[in-house]
Amino acid sequence: MATPTLYSSGCLGVGVLSPGLNQLQFPHSRLHLSNFSSSTINSKPRVSSIRCQSTSTGEAKTKKNILDNASNLLTNLLSGGRIGSMPTAEGAVSDLFDRPLFFSLYDWFLEHGSVYKLAFGPKAFVVVSDPIVARYILRENAFSYDKGVLAEILEPIMGKGLIPADLDTWKQRRRVIAPGFHALYLEAMVKVFMDCSERTTSKFVRLLEKEESKGGKTIELDLEAEFSSLALDIIGLGVFNYDFGSVTKESPVIKAVYGTLFEAEHRSTFYIPYWKIPLARWLVPRQRKFQKDLKIINDCLDALIRNAKETRQEADVEQLQQRDYLKIKDASLLRFLVDMRGADVDDRQLRDDLMTMLIAGHETTAAVLTWAVFLLAQHPSKMKKAQTEIDSVLGEERITFESLKKLTYLRLIVVEALRLYPQPPLLIRRSLKSDNLPGGYKGNNSEYAIPAGTDIFISVYNLHRSPYFWDKPNEFEPERFQVKRDSEGIEGWAGFDPSRSPGALYPNEIISDFAFLPFGGGPRKCVGDQFALMESTIALAMLLQKFDVELKGSPEDVELVTGATIHTKNGLWCRLRKR
């Protein structure tokens, strides 16, 4: 099954409510993408791509041409004067046809500094590549910024779910949803993660046994597609108490989910929002299909909500968090939301919450696992080290919450994959009022004035690979997260200190002082980050416990696509062999 290159980003167990969606694809890079086919779920988008081995360190500067010059002139005429004086990156249009935008943003970051203006057509955008400035926008002055164009794109799909919600709705729903991801719930989810991962590995075992009966010793699989199915099953059971069963079957609901994911990606990467034209939802075939897919999903969610409300057992938050989640039949987040006393909400809002978690939460895990395997396959010694740890901690036993805590190196592999391939690579914000941004390191010593309505792109990719805040930033070194790094004279940055967040299972934005933002930061950080990380770790452990994995071809054969998150163009084809 083809998987859409959606966001997910960074959140909900797969990113539940993550920056993933918070970090939708740069909206005006839509010119270089072809339309997705709306007729079949098995169609793949035809997109610009780039080899995974490219590091984009500025070796290939785009030559200015007529299109670039016209775009830059238009920017200067219409919006250039609105944003305060700061370095300007020009020649952006032609770059969009050659490679993913975040590579160009990285080149311009090295050339222009921590904060610069991106000239593009009728608008100018501010690109931030510095933890000091990111911390200011995401935490210190968070409520002066909203999601801007992201909310406009996602509202028809997610309604007033956490990601596209206005500030007042977000504050209300965050207070209700965040407590649902409490410690006992996450511990209970370990069993869900295990059960779903076992479905996947059992499928691989059956395929391998079939191949061995023919004299073969390996099987070839698109692990990206397999991880996508796994993530969908986990979201269904953990959030809705609904078994998609997508690892082993295909149903109308599963097809509708993937159809909706494709449409969300389509809207994030298409230049003209034609779906807003009156009657488009009825006249345009792909929009008719989208409405049909939405109805199938909504009918499913409505039925789950009705069932949950009919069996409601109202309780205070404290009581809900003390339930024995390992023994109750329905340990889902939906059950928690419905049973919470004083949090009565209409079915439409619950539907929006669930749809947001489904869409935002589906692909982060798939993407994290894809790139973790891609990286490990190129570093056999690190894969062996991970397998040795798994064997030592687990043997042939199932993973428990306690044993997960002992898989130290494996957890670092997951976060290092997120550092090198953040999901998604950009966070989008829009200023609600005039503000002054700090210049950041290697930026202006004075502040940059920006007017209300300024669109800002926090380049997580640039932050994670910044040569100023990371040693050997383009190299795969999971061990780096165990080493303290002083600020080294960088004014305003506290350095990297693992002890700054005691008890944390995974490195986060606190220990890195916003140099590491896999799930955003500040009050609108993804509430499902631990769900996503634990899920990814367990799935990877299950795979490596039973199989050795190698790439089918060379690393250079794996290409990146320019979706809202970082995905492969044609899947991650690997050979699996029993250990």
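Chains are numbered independently. Their residues run from 1 in the order of the written sequence. Per-residue local features of the predicted model are confined to residues with pLDDT of at least 70, and side-chain atom pairs are confined, for both listing and counting, to 80 or more; whole-chain, interface and lining totals are unaffected and use all residues. Side-chain descriptors were evaluated using all non-hydrogen atoms of the structure, hydrogens and water having been removed beforehand.

Scanning the protein from N- to C-terminus turns up 20 helices and 14 strands. Residues counted as buried form 62% of the 579 residues belonging to the protein. Residue pairs at least 24 apart in sequence account for 77% of intrachain contacts in the protein once pairs closer than 6 positions are excluded. When the accessible area of the protein is evaluated, it comes to approximately 21,600 Å², of which 50% is carbon and sulfur surface. Helix and strand assignments come from DSSP, with helices taken as H or I runs of at least 4 residues and strands as E runs of at least 2, each series counted from the N terminus. Relative accessible area decides the class of each residue, using a 1.4 Å probe on protein chains only: under 20% of the type maximum gives buried, over 50% gives exposed, and in between gives partly exposed. Should any heavy atoms of two residues lie within 4.5 Å, those residues are considered in contact. Using a 1.4 Å probe, the Shrake-Rupley method yields the accessible areas, and only the shown protein chains count as cover for residues.

Summarising burial for helix α5 (residues 131-140): 8 of the 10 residues are buried, a large majority. For α5, the set of buried residues is Pro131, Ile132, Val133, Ala134, Arg135, Tyr136, Ile137 and Leu138. Think of a polar contact as two N or O atoms within 3.5 Å of one another; within protein, one of them needs to be a possible hydrogen donor and the other a possible acceptor, and neighboring residues in sequence only count if both atoms come from side chains. One side-chain oxygen of the residue at the start of α5 lies 2.8 Å from the amide nitrogen of Ile132, identifying that residue as Asp130.

For the rest of this paragraph, the subject is the nonpolar core. We define the nonpolar core as a collection of buried residues of types Ala, Val, Leu, Ile, Met, Phe, Trp, Tyr and Cys that are connected through side-chain atoms lying within 4.5 Å of one another. In terms of nonpolar packing, the biggest core is built from 148 residues, with Leu223, Leu540 and Leu576 touching the most fellow members. The leading source of residues in this core is helix α15 (residues 347-377), at 17 residues. Beyond its immediate sequence surroundings of up to four residues, Leu540 is in contact with Leu369, Ala372, Val373, Leu376, Leu410, Ile413 and Val414.

Let us now look at a nonpolar patch on the surface. Patch members must show over 30% relative accessible area and no salt bridge, and they are joined within 9 Å when carrying like charges or within 5 Å when they are nonpolar side chains of Val, Leu, Ile, Met, Phe, Trp or Tyr. By definition, a salt bridge exists where a carboxyl oxygen of Asp or Glu is found within 4 Å of a side-chain nitrogen of Lys or Arg. A contiguous nonpolar patch, built from Leu279, Trp282 and Leu283 and spanning about 380 Å² of accessible area, is present on the exposed surface. Structurally, Leu283 can be placed in helix α11 (residues 280-283). Exposure remark for Leu283: the relative accessible area of 60% places this residue in the exposed category.

This part takes up unusual backbone geometry. One non-glycine residue, Glu488, adopts positive backbone phi at about 55°. When you line up the elements, Glu488 lands in the loop between α19 (460-464) and α20 (529-546). Relative accessible area serves as the criterion here: at 55%, Glu488 is assigned to the exposed category. Residues other than glycine seldom take positive phi values, yet Asp513 does so here, at roughly 50°. Tracing the sequence through the fold places Asp513 in the loop between α19 and α20. What makes Asp513 buried here is its relative accessible area of 9%.

Once that is clear, we can look at the environment of Val561. Here Val561 lies in strand β12 (residues 559-561). On a C-alpha basis, the gap between Val561 and Arg99 in space is 8.4 Å, while along the polypeptide they are 462 residues apart.

Mapping Asp330 onto the fold places it in the loop between α13 (317-321) and α14 (333-339). The class of Asp330 is buried, set by a relative accessible area of 17%. For Asp330, the side chain forms a polar contact with the side chain of Ser332, separated by 2.7 Å. Dropping the residues within four chain positions of it, Asp330 is found in contact with Asn241 and Arg335.

Moving on to the sheet that holds strand β6 (residues 219-222). Taken together, 3 strands build an open sheet; the order of strands is β6-β14-β11 and the sheet is antiparallel. The open sheet is flanked by β6 and β11 (547-551), the only strands paired with a single partner. On average, each strand axis in the sheet is tilted by 35° relative to the strand beside it, whichever way the strands run. Where β11 and strand β14 (residues 573-578) come together, 5 bridges link them in antiparallel fashion. For Glu550, the partnering residue across the bridge sits in β14 and is Arg575. An axis is simply a line fitted to the C-alpha atoms; with a helix, the fit covers only the stretch in contact. Between two such axes, the angle follows the N-to-C directions and lies from 0 to 180 degrees. Where α15 meets the sheet, it contacts β11 and β14, and its direction lies at approximately 85° from that of β11. DSSP calls a pair of strands paired once it identifies at least 2 bridges connecting them.

A few words now on α15. When the terminal C-alpha atoms of α15 are compared, their 46 Å separation across 31 residues agrees well with the 45 Å that a helix rising 1.5 Å per residue should span. Counting buried residues in α15 gives 29 out of 31 residues, a clear majority hidden from the surface. The span one expects for a helix is its residue count, reduced by one, times 1.5 Å.

The N-to-C vectors of helix α12 (residues 285-310) and α15 enclose an angle of 120°; their axes lie 10 Å apart at closest approach. As the angle between them shows, α12 and α15 are arranged oblique. With respect to the hand of their crossing, α12 and α15 are arranged in right-handed fashion. Judged by residue contacts, Leu294, Ile297, Asn298, Leu301, Asp302, Ile305 and Lys309 of α12 engage Asp347, Leu350, Arg351, Leu354, Met355 and Leu358 from α15. Split into classes, the residues belonging to the contact of α12 with α15 amount to 8 nonpolar, 1 polar and 4 charged. Should an angle fall under 35 degrees it is called roughly parallel, over 145 degrees roughly antiparallel, and 65 to 115 degrees roughly perpendicular, with every other angle called oblique. Handedness of a helix crossing follows the sense of rotation of the near helix relative to the far helix, less than a right angle counterclockwise being left-handed and clockwise being right-handed. Amino acids are sorted into nonpolar (Ala, Val, Leu, Ile, Met, Phe, Trp, Tyr, Cys and Pro), charged (Asp, Glu, Lys and Arg) and polar (every other residue, Gly among them).

Glancing now at the confidence of the model for the protein. Scored from 0 to 100, pLDDT reflects the predictor's confidence in each residue. Of all residues in the protein, 82% attain a pLDDT of 70 or more, and the chain-wide mean is 83. In the model, residues 1-51 has pLDDT below 50 throughout and makes 263 contacts with residues more than four positions away in sequence or in other chains. For the stretch residues 53-63, pLDDT sits under 50, and the model shows 26 contacts to residues farther than four places along the chain or on other chains.

Turning next to the packing of aromatic side chains. Here the distance between the centres and the angle between the planes together describe a pair of aromatic rings. Pairing of aromatic side chains requires ring centres within 6.5 Å, counting the rings of Phe and Tyr and the six-membered ring of Trp. Pairs whose planes differ by under 30 degrees are stacked, by over 60 edge-to-face, and all others tilted. Using the criterion set out here, one finds 27 aromatic pairs in the structure. The interplanar angle of 80° and the centroid separation of 5.7 Å between the aromatic rings of Phe103 and Tyr461 together place this pair among those described as edge-to-face. Of this pair, Phe103 sits in helix α4 (residues 101-112) while Tyr461 sits in helix α19, placing them 358 residues apart in sequence. The class of Tyr461 is buried, set by a relative accessible area of 2%. With a centroid separation of 6.4 Å and an interplanar angle of 85°, the aromatic rings of Phe374 and Tyr421 are classed as edge-to-face. Here the residue Phe374 occupies a position in helix α15, and Tyr421 occupies one in the loop between α18 (408-420) and β7 (426-431), the gap between them amounting to 47 residues. In terms of burial, Phe374 and Tyr421 fall into one category: buried. Taken together, the ring pairs connect Phe102, Phe103, Tyr106, Phe109, Tyr441, Tyr461, Tyr468, Phe469 and Trp493 into an aromatic cluster.

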